[in-house]
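Coordinate inspection notes
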Amino acid sequence: MRFHSPQPPYEYDKRPLYKQLHLSWTRPPSNCLVIKKYHDPAVLKKFKMMCIWLITVRGLDVYVEEKDFEELQTIKAGELPRSSSYDNFKSISTKNLDIEFIGLIEKIKVWKIGKDKLNNKIDFIACLGGDGTLLYASSLFQRSVPPIIAFSLGSLGFLTPFDFKEFPTVLNKVLKGTLGFTLRNRLESTLWSRGAEGESEEDDDHIIIPESVQVLNEVVIHRGIYSGVCMIDIYCDEFFVTTVIGDGVIVATPTGSTAYAAATGASIVAPSVPCYIIAPICPHSLSFRPIMVPLNCSLKCKLNKDARGDAQISFDGRHMQDFTKNHIVDISASEYPLPCIDKEGSMQDWFNGLQNTLLWNGRSSAQKPLEKKK
């Protein structure tokens, strides 16, 4: 991973990715960013409780987004613990809240996205929500990402292994550096435009770079609002691979293999496997199956010169825009992966998610054993 000055207070060991990685603090963490699921009143109370605990019990500087700070201002008297000795969830329950609210709002710091550059100041992120909230947290950091601990308060929760009721115990372990983590690979996606239609495709002088995006799940090129099939050329390390004819194509990470790519029939891939997944969307071919290629390759996608219409492109479901014959998207492995704190271990959490959340290989009852003949 690349870090920029000032040096973050965390470091990663150098063991291979298929081994369990452990986080160690070079100095005691002091700054936490708390991100919550947007427009969910049920999460707001838990959001307040965590902010209160981090400030009063652990004495941390807590940052929240501007939109979440406005919701926090609805805190009423009686939602601040009386003593800093509260160390578990039960002591911050509604039965033991103090009758006075003392300056909590003034202690919370507001992060204005796009204005305040706190990327190197945040020590770790507490994420309250579902998989979409984790994706959103990833999008906020287009360079190095602080360690993320994700609490399941959403609809699915495949990427959020922790139960909120355990948050004091879990956060204490995070602050002590006793938990492991998984480095989830991200993709760096750059959309190029070649200028006016009709100019030579070999003329690189007209190429501009309007946007570069870090992607945790997938880059999707699809027909969108257009009625015809897409014709998308795919290149790997500048070698022409194939033309996708169908509704589109997905280039996914192993993390994204359980998202949109799974709906196309692509393989489910463990997060530590270094690869891309190339999965066609409704291909007009009986033999086009999803494939995996090594992460050290670079991919390029563009519309075929004989394509009858345009397409659309999105990055983790965001930044939706038209994808025309003048556009090229370059996709490569990002040097800024997403460090996610593990509950039991990288592979254990992954298999638990497959079995308990996605109900992989589940059935209503086990097969009855054969009765022995007497």
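This write-up is about the structure you can find in this document. (Residues numbered from 1 in each chain as written. Predicted model: local features only at pLDDT ≥ 70, side-chain atom pairs only at ≥ 80, totals over all residues. Heavy atoms only, no water.)

**Focus on the layout of surface pockets**
In this approach, a probe sized like a water molecule rolls over the atoms, and the result shows the empty space that is left. Quick reminder of the rule: Residues are called lining when one of their atoms sits within 4 Å of a cavity or pocket point, these points coming from a 1 Å grid over the protein atoms alone, where a cavity is a set in which a 1.4 Å probe fits but cannot get out and a pocket is an open set with protein on both sides within 12 Å along at least five of seven lines. Grid points are joined across faces, edges and corners, and a volume is the space filled by probe spheres set on the points. Here a strand is any run of E in DSSP of at least two residues, a helix any run of H or I of at least four, and the numbering for each starts at the N terminus. Under this grouping Gly is polar, as are all residues other than the nonpolar Ala, Val, Leu, Ile, Met, Phe, Trp, Tyr, Cys and Pro and the charged Asp, Glu, Lys and Arg.
Quantified by volume, the largest pocket comes out at close to 400 Å³. If you go around the largest pocket, you meet 26 residues; those closest to its centre are Gly157, Phe158, Thr160, Pro161 and Asp349. Breaking the lining of the largest pocket down by element, the ones donating at least two residues are β7 (148-152), β8 (180-184), β20 (338-341) and α7 (346-357). Element by element, the count of residues in the lining of the largest pocket is highest for α7, at seven residues. In terms of residue class, the lining of the largest pocket is made up of 11 nonpolar, nine polar and six charged.

**A look at the nonpolar core**
Soluble, globular proteins show a tendency: their nonpolar side chains are buried together. Heads up, the condition is: Nonpolar cores were defined as sets of buried Ala, Val, Leu, Ile, Met, Phe, Trp, Tyr and Cys residues, with membership established by side-chain atoms within 4.5 Å. A simple rule labels every residue: compare its accessible area, found with a 1.4 Å probe on the protein chains alone, to the largest value its type can have, and call it buried under 20%, exposed over 50%, or partly exposed in between. Whether two residues touch is decided by their heavy atoms; if any such pair falls within 4.5 Å, the residues are in contact.
Val34 and Met50 are the most contacted members of the largest nonpolar core, which has 41 residues in total. Top contributing element to this core by residue count: helix α1 (residues 41-56), with 10 residues. Sequence-distant contacts of Met50, that is, excluding residues within four places in its chain, are made with Val34, Ala126, Leu128, Phe151, Phe164, Phe167 and Leu171. In this structure, Leu187, Ile221, Val249 and Cys301 belong to the second largest nonpolar core, which totals 29 residues.

**What to know about empty space enclosed by the protein**
One pass over the structure, following the stated rule, counts one cavity of 30 Å³ or more. In this model, the largest cavity occupies a volume close to 50 Å³. Around the largest cavity sit Ser139, Gln142, Val213, Gln214, Val215, Phe315, Asp316, Arg318 and His319, which together line it. Counting only elements with at least two residues in the lining of the largest cavity, the list comes to β10 (208-215) and β18 (318-323). Residue contributions to the lining of the largest cavity peak at three residues, all from β10. Taken together, the residues that form the lining of the largest cavity break down as three nonpolar, four polar and two charged.

**Description of helix α4 (residues 131-139)**
The buried count for α4 comes to seven of nine residues, which makes it a mostly enclosed element. The set of residues buried in α4 consists of Asp131, Thr133, Leu134, Leu135, Tyr136, Ala137 and Ser138.

**Digging into the side chain of Ser314**
Structurally, Ser314 can be placed in strand β17 (residues 311-315). Taking the relative accessible area as the measure of exposure, Ser314 reaches 6% and is therefore buried.

**Focus on the packing of aromatic side chains**
Condition: Working definition: a ring pair exists when centres of Phe, Tyr or Trp rings (six-membered ring for Trp) sit within 6.5 Å. Plane angles under 30 degrees give stacked, over 60 give edge-to-face, the rest tilted.
Under the criterion given, the structure shown has eight aromatic pairs. Aromatic side chains Trp53 and Phe167 sit 5.7 Å apart centroid to centroid with 85° between the ring planes, which places their arrangement in the edge-to-face category. Here the residue Trp53 occupies a position in helix α1, and Phe167 occupies one in helix α5 (residues 167-176), the gap between them amounting to 114 residues. Overall, the relative accessible area of 0% leaves Phe167 in the buried class. A centroid spacing of 5.5 Å and a plane angle of 50° characterise the contact between Trp111 and Phe141, whose relative ring orientation is tilted. Here Trp111 is found in strand β5 (residues 109-111), whereas its partner Phe141 is found in the loop between α4 and β7, with 30 residues between them in sequence. Neither residue differs from the other here; Trp111 and Phe141 are each classed as buried.

**A word on the pattern of salt bridges**
Using the following cut-off: What makes a salt bridge here is a side-chain nitrogen of Lys or Arg within 4 Å of a carboxyl oxygen of Asp or Glu, nothing more.
As enumerated under the stated definition, the model contains seven salt bridges in all. Here Lys67 ties to Asp68 by a salt bridge, and the two come within 3.5 Å at their closest N and O atoms. In this structure Lys67 comes out as partly exposed when scored by relative accessible area, which is 22%. The buried category is assigned to Asp68, whose relative accessible area is 0%.

**Description of the side chain of Asn31**
Along the polypeptide, Asn31 turns up in strand β3 (residues 31-36). Taking relative accessible area as the criterion, Asn31 reaches 6% and is therefore assigned buried. Excluding anything up to four places from it in sequence, Asn31 contacts Asp61, Tyr63, Lys121, Ile122, Asp123 and Phe124.

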